[in-house]
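Report on the structure
Residues per chain, in single letters:
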Amino acid sequence: MKIPINIPVLGKEEISAVNYVLKSGVLTSAAMNGGKNVQEFEGLVKKFVKSKYAVAVNSGTAALQAALYSLGIKSGDEVIVPSFSFVASANAIASTGAKPVFADVLQENFTINPESVRKKITKKTKAIMPVHLYGHAAFLEELGELARKNDLGIVEDAAQSLGTTLHKKYTGTFFDLGCYSLYPGKVMTSGEGGIVVTNNKKLYDKLLMIRNHGMVKGYDSKIFGLNLRLPEISAAVAKVQIKKLPKFIDVRRKNTMMLSSELSNLDLQTPEERKGEKRNWSLYTIATKKRDSMLEKLHAKGIGAAVYYPIPIHKIPFYNAKSSLPNTDWATKNVLSLPVHPKVSSKDIEFIVKTMREIVNG
Ligand SMILES: Cc1ncc(COP(=O)(O)O)c(C=O)c1O
């Protein structure tokens, strides 16, 4: 593809950071607090999202697992999650032994519908996992209210929303636990990687143990854990990337505004921030009935448009759950994401706009 949907933006600084770690010979640390680069990266994350604590792990999936384990989610429990997400959201729940219960989304921003969540709450429900899909903030006020009334935990799947704020507060920091992914398709990367943030000291102490087989000093596992440690090379890359993140997000915003000023005149649903929301524009996602033919035509022109996600999780063979989720079904058939990452130039945007006009009007 001439213009891929998302690519990591890596420079000389990342290369020297990796070289530095390699020369040091210290590639990881099994100490409870992690290696030097891991700790420094966590410090930068805390400062960035304004959380009290941050624990770096080796994927966004691991971040979700660690968060759920720290809440004590287990077999027999239920966790409510949108079916319209990447399968990792549900898989992390399934890995605890709990049952993912699938809720519907809202057509306006593709995030979990609080009303659908309310209907799915049972005696077994222990937590809600809202997903800030595409970097769109979920309806956190309403979800918070439901959680308070029903004594539920909230794990924010902020894998795609690092940098998105709602009323100046970072997504991922609203409730008990927030989880980010550092996969290369995200707004910043460490190759593979993830972060859990929390303001709760008890959960933080547990997370440190969970990252490291439940150990404190070595061979003394106090609780269940796994090897979820982030390698030092990845942490060194992440340290550089998080310093560049505000710039990356600015370019995404600029590209988004250029796209929207033209595409909003066409017969399409274009993405719009709601009041008080400032998105990281992880993905620029439109909705159109002509999605499949549009995708084909964009690909023919070298524009790496992509569908996130063509199958709702509840219909994936492993889950095969019998749920009626009409907005989820609608979304899987109508959404299409267009490239806005920092390597997309103004010329590229003009080309995308011209191509989209031809497709929609012609
Ligand atoms: C919504 C969502 N949840 C969870 C994940 C899992 O993150 P990772 O791929 O880093 O394990 C991703 C990213 O792929 C995601 O997009």
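Summary of the structure given here. (Residues numbered from 1 in each chain as written. Predicted model: local features only at pLDDT ≥ 70, side-chain atom pairs only at ≥ 80, totals over all residues. Heavy atoms only, no water.)

Here we come to the site of the ligand. Taken together, 17 residues lie near the ligand, and Gly 60, Thr 61, Asp 157, Gln 160 and Ser 181 sit nearest. Thr 61 places a polar side-chain atom, nitrogen or oxygen, 2.5 Å from an oxygen atom of the ligand. Contact distances for the ligand include 2.8 Å between an oxygen atom and a side-chain N or O atom of Gln 160. For the ligand, whose unbound accessible area comes to 380 Å², protein coverage reaches 93%. Judged by the proximity of its atoms to the pocket grid, the ligand belongs to the largest pocket. (Near = heavy atom within 4 Å. Polar contact = N/O pair within 3.5 Å; in protein donor to acceptor, adjacent residues only side chain to side chain. Areas by Shrake-Rupley, 256 points an atom, 1.4 Å probe, with all protein chains shown as cover. 1 Å grid on protein atoms, 1.4 Å probe; cavity = no way out; pocket = protein on both sides within 12 Å on 5 of 7 lines; lining within 4 Å. Sits in = over half its atoms within 2 Å of the grid points.)

Of the pockets and cavities examined, the largest pocket occupies roughly 530 Å³. Surrounding the largest pocket, 29 residues form its lining, Phe 86, Ser 181, Tyr 183, Lys 186 and Tyr 309 being those nearest its centre. Of all the secondary-structure elements, those providing two or more residues to the lining of the largest pocket are helix H3 (60–70) and helix H4 (88–94). It is H3 that contributes the most residues to the lining of the largest pocket, 3 residues altogether. Residue classes in the lining of the largest pocket are distributed as 14 nonpolar, 12 polar and 3 charged. Taken domain by domain, the lining of the largest pocket gets at least three of its residues from each of domain 1 (12–240) and domain 2 (245–361). Estimated volume of the second largest pocket: approximately 250 Å³. In this structure, the second largest pocket is lined by Phe 48, Gly 163, Thr 165, Lys 168, Tyr 170, Pro 246, Ile 249, Asp 250, Arg 253, Gly 276, Lys 278 and Arg 279. When residues of the lining of the second largest pocket are assigned to their parent elements, the largest contribution, 4 residues, is made by helix H8 (residues 232–263). Partitioning the lining of the second largest pocket into residue classes produces 4 nonpolar, 3 polar and 5 charged. (Points joined across faces, edges and corners; volume = space filled by probe spheres on them. Helix = DSSP H or I, 4+ residues; strand = E, 2+ residues; numbered from the N terminus. Nonpolar A, V, L, I, M, F, W, Y, C, P; charged D, E, K, R; others polar. Domains from an automatic or database assignment.)

Shape descriptors only; they carry no functional weight alone.
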